Amino acid sequence: MDQKKIAKLIKSLLHEIEENSGREGLKKTPERVARSFEKIFGGYDKYPHELMTKFDGESYDEMIICRNIDFYSTCEHHLQPFFGQVFIGYIPDGKIIGISKLPRIVEIFSRRLQNQERLTMQIADTLNNMLRPRGVGVIIKGRHFCMMARGVEKQNSLMTTSACRGLFKNNAKTRSEFLKLIE
Ligand code: ZN
């Protein structure tokens, strides 16, 4: 990411919305925005498989759950933030990963231009491909600025998406156990 180029673009954006980019409060805004993009769009050059250390799960074959993983992402349709929480569950088939790696996977995919449906699927498919578990389920509950900012009545709207693979898709008992555990 070229910080200088981005700052320049933000400056002309300010100009286009009829702002005075030279006024006190806005003087350093282009540089600030450029710096914040490093974080907000920092997921592009990162790949989850590089940070995955897999462990032998011995004979553990019950569901592993990680709840309430905070995420912050940017909606690709409106360039507005969307944010909320991710819930992940999987049933290993020999291989497990450190529980702290799950939020890292969420971080990589959310720090890009996204839609919530794709974000949900990318997390599920990444775990599915890496661990070859017996099943994996991902649920995301998100609030979208592009929805919230359009009317008072939509301020509390919450969007829920899910992606299920393996037993989480095919087995009703597994699926309902997952939903119960993340409540
Ligand atoms: Zn949007």
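It should be emphasised that the depicted structure is a prediction, and the values quoted were computed from it without experimental measurement. Residue positions are counted from 1 within each chain, in the order its sequence is given. Reporting of local features is limited, given that this is a predicted model, to residues whose pLDDT is at least 70; pairs of side-chain atoms are given and counted only at 80 or more, and all residues count toward the totals for whole chains, interfaces and linings. The side-chain values count all of the structure's non-hydrogen atoms but skip hydrogen atoms and water molecules.

Peer 1: Tell me about the packing of helix H1 (residues 3-16) against helix H2 (residues 29-40), residues and numbers included.
Peer 2: Angles run from 0 to 180 degrees between N-to-C directions of axes, and those axes are lines fitted to C-alpha atoms, restricted for helices to the stretch in contact. Secondary structure elements are defined from DSSP: runs of H or I of at least 4 residues count as helices, runs of E of at least 2 residues count as strands, and each element is numbered from the N terminus. Closest axis-to-axis distance for the H1/H2 pair is 8 Å, and the angle between their directions is 125°. Taken together, H1 and H2 sit at an angle that is classed as oblique. Handedness of the H1/H2 crossing: right-handed. Across the interface between the two elements, Gln3, Ile6, Ala7, Ile10, Lys11 and Leu14 of H1 pack against Pro30, Glu31, Val33, Ala34, Arg35, Phe37 and Glu38 of H2. Residues are grouped as follows: nonpolar covers Ala, Val, Leu, Ile, Met, Phe, Trp, Tyr, Cys and Pro; charged covers Asp, Glu, Lys and Arg; every other residue, Gly included, is treated as polar. Here the contact of H1 with H2 is composed, by residue class, of 8 nonpolar, 1 polar and 4 charged. Should an angle fall under 35 degrees it is called roughly parallel, over 145 degrees roughly antiparallel, and 65 to 115 degrees roughly perpendicular, with every other angle called oblique. In this scheme the crossing of two helices becomes right-handed for a clockwise turn of the near helix relative to the far one and left-handed for an anticlockwise turn of less than a right angle. The contact rule is simple, with two residues in contact once any of their heavy atoms fall within 4.5 Å.

Peer 1: Describe a negative patch on the surface, with residues and values.
Peer 2: Only residues whose relative accessible area exceeds 30% and that form no salt bridge are eligible for patches; like-charged ones are grouped when within 9 Å, while nonpolar side chains (Val, Leu, Ile, Met, Phe, Trp, Tyr) are grouped when within 5 Å. Residue burial considers only the protein chains on display, and all accessible areas are found by Shrake-Rupley using a 1.4 Å probe. Salt bridges are defined by distance alone: a side-chain nitrogen of Lys or Arg within 4 Å of a carboxyl oxygen of Asp or Glu. Charged residues are defined narrowly, with Lys and Arg counted positive, Asp and Glu counted negative, and His plus the chain ends left uncounted. The location of each charge is read from NZ of Lys, CZ of Arg, CG of Asp or CD of Glu. Residues Asp61, Glu62, Asp93 and Glu177 make up a contiguous surface patch of negative charge. One can find Glu62 in the loop between strand S1 (54-56) and strand S2 (64-75).

Peer 1: Provide a residue-level description of the coordination of the zinc ion, including the pertinent values.
Peer 2: Metal donors: N, O and S atoms at distances within 2.8 Å, or within 3.2 Å for Na, K and Ca, with water omitted from the atom set so that some sites may seem incomplete. In this structure, Cys75 (SG), His78 (ND1) and Cys146 (SG) serve as the protein donors to the zinc ion, at separations of 2.1 to 2.2 Å. Written as a sequence motif, the donor arrangement for the zinc ion is C-x2-H-x67-C. Residue His78 is located in the loop between S2 and strand S3 (81-91), and its partner Cys146 is located in helix H5 (residues 145-148); the two are separated by 68 residues in the primary sequence. Residue class for His78 comes out partly exposed when judged on its relative accessible area of 37%. Buried, partly exposed and exposed residues are distinguished by accessible area as a fraction of the type maximum, computed with a 1.4 Å probe on protein chains only: under 20%, between the cut-offs, and over 50%, respectively. Under the relative-accessibility criterion, Cys146 is labelled buried at 12%.

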